[in-house]
Amino acid sequence: MPKQTLLKINNLYVEYHSKKGVLGGKITIHAVNGVSLDIYKGEIIAIAGESGCGKSTLAKSLIQLEPVKSGEIFFEGENTLNLNKNALKNFRKKAQMVFQNPYASLNPKMKIIDILKEPLEINTDYTIEKIYETVKEKIKLVGLDESCLELYPHEFSGGQRQRIAIARALMLNPEFILADEPVSALDVSIQAQVINLIKELNQKLGITFLLITHDMSVIKYLADRVAVMYLGEIVETGKTEDIFASPLHPYTKALLNSVPQINKTSKKSLLKGDLPSPADLPEGCKFHTRCPHVMEKCKTCTPLECGASHKVRCFLYE
Ligand code: SF4
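To keep things clear, this report deals only with the structure shown in the data block. Note that this is a predicted model, so its numbers are computed, not measured.

**Digging into the sheet that holds strand E9 (residues 225-230)**
Right, so step 1: Taking strand neighbours across the sheet as the criterion, the 8 strands line up as E6-E7-E8-E3-E9-E10-E12-E11 in an open arrangement whose pairing is mixed. The open sheet is flanked by strand E6 (95-98) and strand E11 (305-306), the only strands paired with a single partner.
Right, so step 2: Examined bridge by bridge, strand E7 (residues 176-180) and strand E8 (residues 208-213) share 5 bridges and lie parallel to one another. Paired with Asp 180 across the two strands is Ile 212, which belongs to E8.
Right, so step 3: Here helix H6 (residues 158-170) sits on the sheet and contacts E6 and E7; the angle it forms with E6, its principal contact strand, is near 170 degrees.

Below, the structure written as structure tokens:
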């Protein structure tokens, strides 16, 4: 069956302006640089890359938590950047976000019942009974007991708080959830429970997930497809099994090589030097300052994306 596109990103750019430049002048941070990507209905797609590569900014810009400089974002065929206030409100019901830190994302002064009721009170005309019924249904769905509803966030472990944050994201029956490093703030011992919950919600409810993570092991277990991001650009996209079995881009190879569970033979990272500043992007291929295969043309010319289902942006494959 042909895949149905839920969200289509065309040539997206996101920039910040900061006042911290030399002599107090403004500098421009080029966080997302011409990203184009299709996200298919019902899949879990992961955006991989080092911290600072622009993956969280990309996710936030998709639901307009970050302003977009240019480009298009189509959700179910409509450009979300042109929506009026009501249509934007509807889009935000369908697209929810789960943040990295469940300690910061839940209001410590609110009981869990109130945290979960809030989206329904703001966005629906449900009766009180229907609101309570929905809250109980969602809290069960994330594997917690109704008895937790009268408690406050500080009375829970990190894993339980992340379940509550996921329950809140589920309140309006979203079709799409962006999960930004959903397990990286949790103890390793409980990460697997939250990872399994995401898998279960994807399989049982058909929710599409965009997973933002630097953890290649989480991606290997959870994602159907992977897009690898470097300095605000997607440099490789493909099915998870293809990316892990035969990575093409030198940056993807270096990322995978740095994960000991995945590559048991190599302990040394192939990544040389630091990630360049997104305020001062290298010319040509943005990876050329760290690439072991750099050629003269890589320093001045930008490689185009090539390939069909497994795509790469590198002169070695053009
Ligand atoms: Fe390396 Fe050149 Fe490929 Fe960039 S285009 S990844 S510098 S070989």
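Alright, that's what it looks like, and here's the rest.
**Focus: the packing of H6 against helix H7 (residues 188-205)**
Right, so step 1: Between H6 and H7, the least distance of the axes is 9 Å, while the angle of their chain directions is 20 degrees. Taken as axis vectors, H6 and H7 run roughly parallel relative to one another. In the packing of H6 onto H7, the handedness of the crossing is right-handed. Here Gly 158, Gly 159, Gln 162, Arg 163, Ile 166 and Leu 170 of H6 come into contact with H7, specifically with Ile 190, Gln 193, Val 194, Leu 197, Ile 198 and Leu 201.
Right, so step 2: Of the residues in the contact of H6 with H7, the class split is 7 nonpolar, 4 polar and 1 charged.

**Digging into the nonpolar core**
Right, so step 1: Formed by 63 residues in total, the largest nonpolar core has its most connected members in Leu 116, Ile 139 and Ile 166.
Right, so step 2: Apart from residues no more than four positions distant in its own chain, Ile 139 is found in contact with Ile 112, Leu 116, Leu 144, Asp 145, Glu 146, Cys 148, Leu 149, Ile 164 and Ala 167.
Right, so step 3: Formed by 31 residues, the second largest nonpolar core is a distinct cluster that contains Ala 31, Ile 45, Ile 212 and Met 229.

The rules behind these values
Residues numbered from 1 in each chain as written. Predicted model: local features only at pLDDT ≥ 70, side-chain atom pairs only at ≥ 80, totals over all residues. Heavy atoms only, no water. Pairing = 2+ DSSP bridges. Helix = DSSP H or I, 4+ residues; strand = E, 2+ residues; numbered from the N terminus. Contact = heavy atoms within 4.5 Å. Axes fitted to C-alpha atoms, helices over the stretch in contact; angles between N-to-C directions. Parallel < 35°, antiparallel > 145°, perpendicular 65-115°, else oblique. Left-handed = near helix turned anticlockwise from the far one by under 90°. Nonpolar A, V, L, I, M, F, W, Y, C, P; charged D, E, K, R; others polar. Core = buried A, V, L, I, M, F, W, Y, C linked by side-chain atoms within 4.5 Å. Buried < 20%, exposed > 50% of the residue type's maximum accessible area, 1.4 Å probe, protein only.

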